[in-house]
Amino acid sequence: KGELPDVLPSRRIRVEVEGEDPFYVHASLLNGKPVEVFCSPATEAILVYTSRLTSHMLRKGFSVKELIKDLEMANSQCSHPAPLWTAYREGLEALLTGSSSPSILEGYKTTVKTESGTVYIHLYLKDGKPVELFFLPAPQTKHREIFDLCFMLTSLCLREGVSFDRLMKWFDRANARH
């Protein structure tokens, strides 16, 4: 109950659906239990709302089994694209049950309060080194696609071995010009 800490352990899974762009499901953990779920990039409104509902249910103490069952029941009453929903559910289930898979990375989520609203930053590690960075801006943030692109490119650079310090210098230089 109450506010969550600003920094929480986090897990993410890459979800692929034939004919669609891949997306990621993120789960933040408190005392080893999932308490929040996010999708990124949040291109499908149904995934945004389902993630919010999932987070609410987790905080209310629903078990993973109850959660999946209730989400399946809700889906049967709606007209979401079935492959998208199935991929989301499978990814969510893998994250919430503590499954280990090469497509799951461990890391941290931090919450930052801004004038535009709350921003969530997820940093994922592989062998103790940062390899992915996700920025989930407040819903009213303008130019969300630019943020998504910047952080996808940042993740690519991290995986290719570019140091975090060097990336920050590039961002500082670019920011000083605009």
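Summary of the structure given here.

What counts and how
Residues numbered from 1 in each chain as written. Predicted model: local features only at pLDDT ≥ 70, side-chain atom pairs only at ≥ 80, totals over all residues. Heavy atoms only, no water. Salt bridge = Lys/Arg side-chain N within 4 Å of Asp/Glu carboxyl O. Helix = DSSP H or I, 4+ residues; strand = E, 2+ residues; numbered from the N terminus. Buried < 20%, exposed > 50% of the residue type's maximum accessible area, 1.4 Å probe, protein only. 1 Å grid on protein atoms, 1.4 Å probe; cavity = no way out; pocket = protein on both sides within 12 Å on 5 of 7 lines; lining within 4 Å. Points joined across faces, edges and corners; volume = space filled by probe spheres on them. Patch = residues over 30% accessible without salt bridge, like charges linked within 9 Å, V, L, I, M, F, W, Y side chains within 5 Å. Areas by Shrake-Rupley, 256 points an atom, 1.4 Å probe, with all protein chains shown as cover.

## Considering the pattern of salt bridges
Summed over the entire model, instances satisfying the criterion amount to seven salt bridges. Notably, a salt bridge pairs Glu36 with Arg59, separated by 3.0 Å at the nearest N-O pair. Remark: Arg59 occurs in helix H1 (residues 45-59) and Glu36 occurs in strand S3 (residues 33-40); sequence separation between them is 23 residues. Given a relative accessible area of 41%, Arg59 falls into the partly exposed group. Put simply, Glu36 and Lys109 hold a salt bridge, and the shortest N to O gap is 2.6 Å. Within this pair, whereas Glu36 is found in strand S3, its partner Lys109 is found in strand S4 (residues 104-114), the two being separated by 73 residues in sequence. Looking at Lys109, the relative accessible area reads 1%, which means it is buried. Within this structure, Arg12, Glu132 and Arg159 form a network of salt bridges that share partners.

## Things to note about unusual backbone geometry
Positive phi outside glycine occurs at Asn31, with the angle close to 55°. Structurally, Asn31 can be placed in the loop between strand S2 (23-30) and S3. Among the residues examined, Asn31 registers a relative accessible area of 76% and is labelled exposed. Unlike most non-glycine residues, Asp127 shows phi in positive territory, near 55°. In this structure, Asp127 sits in the loop between strand S5 (117-126) and strand S6 (129-136).

## What to know about empty space enclosed by the protein
Across all of its chains, the model carries two cavities of 30 Å³ or more by this definition. Lining the largest cavity are twelve residues, with Ser40, Phe134, Asp148, Phe151 and Met152 sitting closest to its centre. When contributions to the lining of the largest cavity are tallied by element, the ones reaching two or more residues are S6 and helix H4 (144-159). For the lining of the largest cavity, the element with the highest residue contribution is H4, accounting for five residues.

## As for a nonpolar patch on the surface
Residues Leu149, Leu153 and Leu156 make up a contiguous nonpolar surface patch of roughly 260 Å² in combined accessible area. Classification of Leu156 by relative accessible area gives partly exposed; the value is 42%.

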